[in-house]
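Coordinates in review
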Amino acid sequence: QVQLDQSGGGPVQAGGPLRLSCAASGRTATAMAWFRQALGKERDIVAAISRSGAITYYSDSVEGRFTISRDNAKNTVYLQMNSLKPEDTAVYYCAATTTFAGAVTTTGRYEYWGRGTQVTVSS
């Protein structure tokens, strides 16, 4: 089992930065990712990172603005969000797997999920 403890998030003005953290405990997580779900929409991939951190993936909508990183010594993954836009408003979820090592982008491949944290970007 992997437990994921998310922190960060909250309200922010458009153009501002915000950082999310997700600390994993229990078994060692391999691939990790951030997903988001806006009201009335499906949960979509935001960014993913491989076990080593060498491989990352970003959705088109956040490429160049968001950065995913991980500190394996702390079993923690981060999402640095810059130049935030109102359309980034959503509940953000951390996800982890102990099965896959690459930058996995599909929800079905992640066994473990954080509780979610609201990010609200006002214009």
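My aim in this report is to walk through the structure given alongside it, one point at a time. On a predicted model such as this, the values are computed, not experimentally measured, just so you know. (Residues numbered from 1 in each chain as written. Predicted model: local features only at pLDDT ≥ 70, side-chain atom pairs only at ≥ 80, totals over all residues. Heavy atoms only, no water.)

**A word on the nonpolar core**
Side chains that are nonpolar tend, in soluble globular proteins, to be buried together. Defined as follows: For the purposes of this section, nonpolar cores are sets of buried Ala, Val, Leu, Ile, Met, Phe, Trp, Tyr and Cys residues that join through side-chain atoms within 4.5 Å. Remark: exposure states derive from per-residue accessible area (1.4 Å probe, protein chains only) relative to the maximum for the residue type, with buried under 20%, exposed over 50%, and partly exposed in between. Helix and strand definitions here come from DSSP, where helices need a minimum of 4 consecutive H or I residues and strands a minimum of 2 consecutive E residues; each element is numbered from the N-terminal end. Pairs of residues are marked as contacts when any of their non-hydrogen atoms sit within 4.5 Å.
Among the nonpolar cores identified, the biggest contains 28 residues, and L4, M32, W34, L79, M81 and Y92 are the most heavily contacted of them. Going through the elements one at a time, β1 (2–8), β3 (18–26), β4 (32–37), β5 (43–49), β7 (66–71), β8 (76–81), β9 (90–96) and β11 (117–122) are the ones with two or more residues in this core. If near-sequence neighbours (up to four positions away) are discounted, M32 is found in contact with L4, C22, A24, A48, I49, I68, R70, V77, C94, A95, A96 and Y110. Counting residues in each nonpolar core, the second largest holds eight residues, with F35, A95, V104 and Y110 among its members.

**Here's the deal with unusual backbone geometry**
Backbone geometry at N75 places phi at a positive 50°, although glycine is not the residue there. Mapped onto the elements of the fold, N75 is located in the loop between β7 and β8. The residue S83 is not glycine, and still its phi comes out positive at about 50°. Following the sequence through the fold, S83 ends up in the loop between β8 and β9. A relative accessible area of 42% places S83 in the partly exposed class.

**So, the state of the cysteines**
Keep this limit in mind: What counts as a disulfide here is a pair of cysteine sulfur atoms lying within 2.5 Å.
By the definition in use, this model includes one disulfide. A sulfur-sulfur separation of 2.0 Å characterises the disulfide bridge that pairs C22 with C94. Because the torsion about its S-S bond is -80°, the bridge between C22 and C94 counts as left-handed. Of this pair, C22 sits in strand β3 while C94 sits in strand β9, and the two are 72 residues apart along the sequence. Judged by relative accessible area, which is 0%, C94 ranks as buried.

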